[in-house]
Amino acid sequence: MSEQFENIDTLIVRSLENSLSPSEQTMLQTWLDEDATHRRYFDEIRRTWAITGEHDTQFIPDTEANWQRFKDRVYTGNTPELKVVSNRKMYLRIAASITGIAVATLLYFTLRGPNEISELTAANEKKTITLPDGSKVYMNQNSRLRYDKQLAGAERAIHLDGEAFFEVRNQPGRPFVVYANETQTQVLGTSFDVRAYAATPVEVVVMTGKVAVSYDTHKLVVTPGRKVTFAAGKQPEEDANNDVNYIAWKENKFVFENTQVHDVVKTLEKFYGVKIIVTDPGIDSMHPSWSPEISNLPKLLDQLSYMTNAGWTQEGDTYKIYKR
């Protein structure tokens, strides 16, 4: 049971008693707005609270039996319909106890299970997802996507860790919002790429339409061919997207048209997460045209070396291209 969840549980109980301070009310509202499953959890607790107030105040619930019923529901995959018979004072005692918090946690994840979809990709794996509204998501490797099973609610909320390219269906009045590393990217109908891997700046690149990207107190509108970058502790940077290979992972090929070897190497370094050193200035300044399919790096270096009459060696994660 995390400390954050325990604090939220306390805030919910206090809200039902109408004893929240303004700052606590803000905290609770922020948590409710983060995820549709948070709102469902709150509604279940509120409904339970109303039910318990109608029963005999001397009734003491059988917590062991209730706990077993919760476990049975989880293993069968059915969302429980709560039928708790207790008074409000007893509920507060239970919510404050370890057993009560454990039951609340189990309820939370039980509610999330049937109603939230989680998609994962491993290293060297890509995946295409069609969302309930018809929008398409192309997931890059090492990424995670979470969303409500029906995309219910006033907004179509998507939570992303990693990188994905979105082709969004327009639904007037129902914005499509991608939450990634403290940023929010809101659109109505467009195509764009979000890169939000842990410990790296968030990048949003727009291909068609336009999006509104929010981070902290900053909000920028990004139009086609533009890119915005958010790094912790820094001002957001917006400029033209000059990288034609920003979605090479999705198209499964690179495109180099009369591109200087120096820039080819930078693209390969970023894509494969390695260091590539060109030891000869003459090779570094060449401008090959080349559109290889994405494959393992040694194969690509073989092709590049053939075109530039060069050779290459590897030392750990560092590659050196040299003149023959």
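Residues numbered from 1 in each chain as written. Predicted model: local features only at pLDDT ≥ 70, side-chain atom pairs only at ≥ 80, totals over all residues. Heavy atoms only, no water.

Trainee: Tell me what's going on with the nonpolar core, and back it up with residues and numbers.
Mentor: If you look at the biggest cluster of nonpolar residues, it comprises 28 residues, and the most contacted ones within it are Ile158, Phe166 and Phe192. If you list the elements that add at least two residues to this core, you get strand 3 (136–139), strand 4 (144–148), strand 5 (156–167), strand 6 (176–180), strand 8 (191–196), strand 9 (202–208), strand 10 (211–215) and strand 12 (226–230). By residue number, the principal contributor to this core is strand 5, which donates 4 residues. Beyond its immediate chain neighbours, meaning those up to four positions away, Phe192 contacts Ala164, Phe165, Phe166, Val168, Val178, Thr185, Val187, Val204, Val205, Val206, Met207 and Val211. (Core = buried A, V, L, I, M, F, W, Y, C linked by side-chain atoms within 4.5 Å. Buried < 20%, exposed > 50% of the residue type's maximum accessible area, 1.4 Å probe, protein only. Helix = DSSP H or I, 4+ residues; strand = E, 2+ residues; numbered from the N terminus. Contact = heavy atoms within 4.5 Å.)

Trainee: If you had to explain the sheet that holds strand 14 (residues 275–278) to someone new, which residues and values would you point to?
Mentor: Taken together, 3 strands build an open sheet; the order of strands is 14-16-15 and the sheet is mixed. The sheet is open, and its two borders are formed by strand 14 and strand 15 (310–315), each paired with just one other strand. This sheet shows a mean twist of 20 degrees between the axes of neighbouring strands, independent of strand direction. Examined bridge by bridge, strand 14 and strand 16 (residues 318–323) share 4 bridges and lie parallel to one another. By the bridge assignment, Ile277 is partnered in strand 16 with Lys320. (Pairing = 2+ DSSP bridges. Axes fitted to C-alpha atoms, helices over the stretch in contact; angles between N-to-C directions.)

Trainee: Kindly report on the side chain of Ser15, identifying the contributing residues and their values.
Mentor: Topologically, Ser15 is positioned in helix 1 (residues 3–16). A polar atom in the side chain of Ser15 sits 2.6 Å from the backbone oxygen of Ile12. Ignoring any residue separated from it by four or fewer positions in sequence, one finds Ser15 in contact with Leu20, Leu28 and Phe42. (Polar contact = N/O pair within 3.5 Å; in protein donor to acceptor, adjacent residues only side chain to side chain.)

Trainee: Tell me about unusual backbone geometry, and name the residues and values.
Mentor: Despite not being glycine, Leu151 shows a phi value in the positive range, around 50 degrees. With respect to the element layout, Leu151 can be found in the loop between strand 4 and strand 5.

Trainee: Would you mind going over the environment of Thr130 in detail, with residue names and values included?
Mentor: Relative to the helices and strands, Thr130 resides in strand 2 (residues 127–130). Distance in space between the C-alpha atoms of Thr130 and Glu167 is 9.6 Å, their sequence separation being 37 residues.

Trainee: If you had to explain the pattern of salt bridges to someone new, which residues and values would you point to?
Mentor: Counting across every chain of the model gives 9 salt bridges. For the salt bridge of Glu163 with Arg195, the shortest nitrogen-to-oxygen distance reads 3.2 Å. Of this pair, Glu163 sits in strand 5 while Arg195 sits in strand 8, and the two are 32 residues apart along the sequence. You'll find Glu163 and Arg195 in the same group, each marked buried. The residue Lys270 makes a salt bridge to Glu203 at a minimum N-O spacing of 3.9 Å. (Salt bridge = Lys/Arg side-chain N within 4 Å of Asp/Glu carboxyl O.)

Trainee: Kindly report on the pairing of strand 7 (residues 183–187), identifying the contributing residues and their values.
Mentor: Consecutive side chains along a regular strand alternate between the two faces of the sheet. Of the two faces of strand 7, the one lined by Thr183, Thr185 and Val187 is fully buried and the one lined by Gln184 and Gln186 carries no buried residue. Strand direction decides the pairing type here: strand 6 and strand 7, joined by 5 bridges, are antiparallel. In the strand pairing of strand 7, Val178 is matched with Thr185. Linkage of strand 6 to strand 7, two consecutive antiparallel strands, is achieved through a turn of 2 residues, within which Asn181 is found at a positive phi near 45 degrees. Pairing of strand 7 with strand 10 involves 4 bridges; the strand directions are antiparallel.

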